[in-house]
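Residue-level structural notes
What follows is the residue order along each chain.
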Amino acid sequence: MRKHIGWIAGTAAAALVAAGAITYAVAEDGGSSPGTPAAESADAGFARDMAVHHQQAVEMSYIVRDRTKNAEVRRLAYDIAQTQANQRGMLLGWLDLWGLPKVSAKPPMSWMGMGDMPERGDGSLMPGMATDTEMNKLGTLNGKQAEIFYLQLMTDHHKGGIHMAEGCVAKCQVGVEKQLAQGMVDAQQSEIKLMADMLKERGAKPRS
């Protein structure tokens, strides 16, 4: 398992360094490439929606850190929480930089043409997000059961996040935001493979 832990730590460190560089780049060019994004643009929509999506991943990761003593899962959870909290701060910071609201009257993912998708409900606002019931369940499990459920929930969460990030890569206009979105796709695809291995080691598999 040492190779897993080393890979996770290295990936998280690289993501944080890259995040700092991207934030600096946006500040340097005034956050526009070209022009300041409109309130309902893909750039603003992605920043708002991914900030919400990331927040749940952070919460989920801190829950499981308190429910297991397994070093590998705790390290993965910590690194996901740190990386996504950092990225969330960047996304919200860009909205501030652009002078745009952090909420929209339109449904989530309208900027992707998915505003009319049926809602899962129970706190699950976008594809991949866990429901309130699932989050509460995670908080009641311990040890191996908590590890498996977390890995399954986070796999689903990453799949939804990748879909949204790919939407930004295709539709966003701000170059550094597209770069961040592509970085999310690459990192989360790798983490999905890692979590599949971790589930297999525990006699389980992804839910979908």
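Quick summary incoming for the structure in this document. Note that the structure is a prediction, hence the values are computed from the model and not measured.

**Some thoughts on the state of the cysteines**
Linking two cysteines covalently through their sulfur atoms gives a disulfide. Summed over all chains, the structure comprises one disulfide. Shown here is the disulfide that connects cysteine 168 with cysteine 172, its sulfur atoms set 2.2 Å apart. Residues cysteine 168 and cysteine 172 are joined by a disulfide whose S-S torsion is about -120 degrees; by sign, that bridge is left-handed. On the basis of relative accessibility, which here comes to 2%, the residue cysteine 172 falls in the buried class.

**Side note on the packing of helix H2 (residues 42-65) against helix H6 (residues 175-201)**
In the contact formed by H2 and H6, the axes pass within 11 Å of each other and the chain directions differ by 35 degrees. Considering how the two elements wind past one another, H2 and H6 form a crossing that is left-handed. Across the interface between the two elements, Asp43, Phe46, Ala47, Met50 and His54 of H2 pack against Glu177, Ala181, Met184 and Gln188 of H6. Here the residues of the contact of H2 with H6 are counted per class, giving five nonpolar, two polar and two charged.

**Let's talk about helix H3 (residues 71-98)**
The terminal C-alpha atoms of H3, which comprises 28 residues, lie 41 Å apart, in line with the 40 Å expected from a rise of 1.5 Å per residue. Of the residues flanking the start of H3, the one acting as N-cap is asparagine 70, its side-chain oxygen 3.1 Å from the backbone nitrogen of glutamate 72. The positive-phi residue at the C-terminal boundary of H3 is glycine 99, with phi of around 70 degrees.

**Considering the packing of aromatic side chains**
Tallying each qualifying case throughout the model produces two aromatic pairs. With 6.2 Å between their ring centres and 35 degrees between their planes, tryptophan 94 and tryptophan 98 make a pair best called tilted. Note that tryptophan 94 and tryptophan 98 are positioned in helix H3 at a spacing of four residues, about one turn of the helix. The pair tryptophan 94 / tryptophan 98 is uniform in exposure class, with both members buried. The ring of phenylalanine 149 carries the charged tip of lysine 137 above its face, separated from the ring centre by 4.5 Å.

**Considerations on unusual backbone geometry**
Despite not being glycine, methionine 109 shows a phi value in the positive range, around 70 degrees. Mapped onto the secondary structure, methionine 109 falls in the loop between H3 and helix H4 (132-138). Given the relative accessible area of 0%, methionine 109 is considered buried. In this structure, aspartate 122 takes a positive phi of about 55 degrees despite not being glycine. Along the chain, aspartate 122 turns up in the loop between H3 and H4.

**Quick word on the side chain of histidine 158**
Within the secondary structure layout, histidine 158 lies in helix H5 (residues 143-171). The class of histidine 158 is buried, set by a relative accessible area of 0%.

**Remarks on the nonpolar core**
Formed by 30 residues in total, the largest nonpolar core has its most connected members in Phe46, Leu91 and Met164. Residue assignment for this core shows that the elements contributing at least two residues are H2, H3, H5 and H6. Once residues lying within four places of it in the same chain are set aside, the contact partners of phenylalanine 46 are Ala51, Leu91, Trp111, Met164, Ala165, Cys168, Cys172, Glu177, Ala181 and Met184. Among the nonpolar cores identified, the runner-up in size contains 23 residues, and Leu138, Leu141, Tyr150 and Met198 belong to it.

Cut-offs and rules
- Residues numbered from 1 in each chain as written.
- Predicted model: local features only at pLDDT ≥ 70, side-chain atom pairs only at ≥ 80, totals over all residues.
- Heavy atoms only, no water.
- Disulfide = S-S within 2.5 Å.
- Buried < 20%, exposed > 50% of the residue type's maximum accessible area, 1.4 Å probe, protein only.
- Axes fitted to C-alpha atoms, helices over the stretch in contact; angles between N-to-C directions.
- Helix = DSSP H or I, 4+ residues; strand = E, 2+ residues; numbered from the N terminus.
- Left-handed = near helix turned anticlockwise from the far one by under 90°.
- Contact = heavy atoms within 4.5 Å.
- Nonpolar A, V, L, I, M, F, W, Y, C, P; charged D, E, K, R; others polar.
- Expected span 1.5 Å × (residues − 1).
- Polar contact = N/O pair within 3.5 Å; in protein donor to acceptor, adjacent residues only side chain to side chain.
- Phe/Tyr/Trp six-rings, centres within 6.5 Å; stacked < 30°, edge-to-face > 60°.
- Lys NZ or Arg CZ within 6 Å of the ring centre and 35° of its normal.
- Core = buried A, V, L, I, M, F, W, Y, C linked by side-chain atoms within 4.5 Å.

As far as function goes, none of this settles anything; it's purely spatial.
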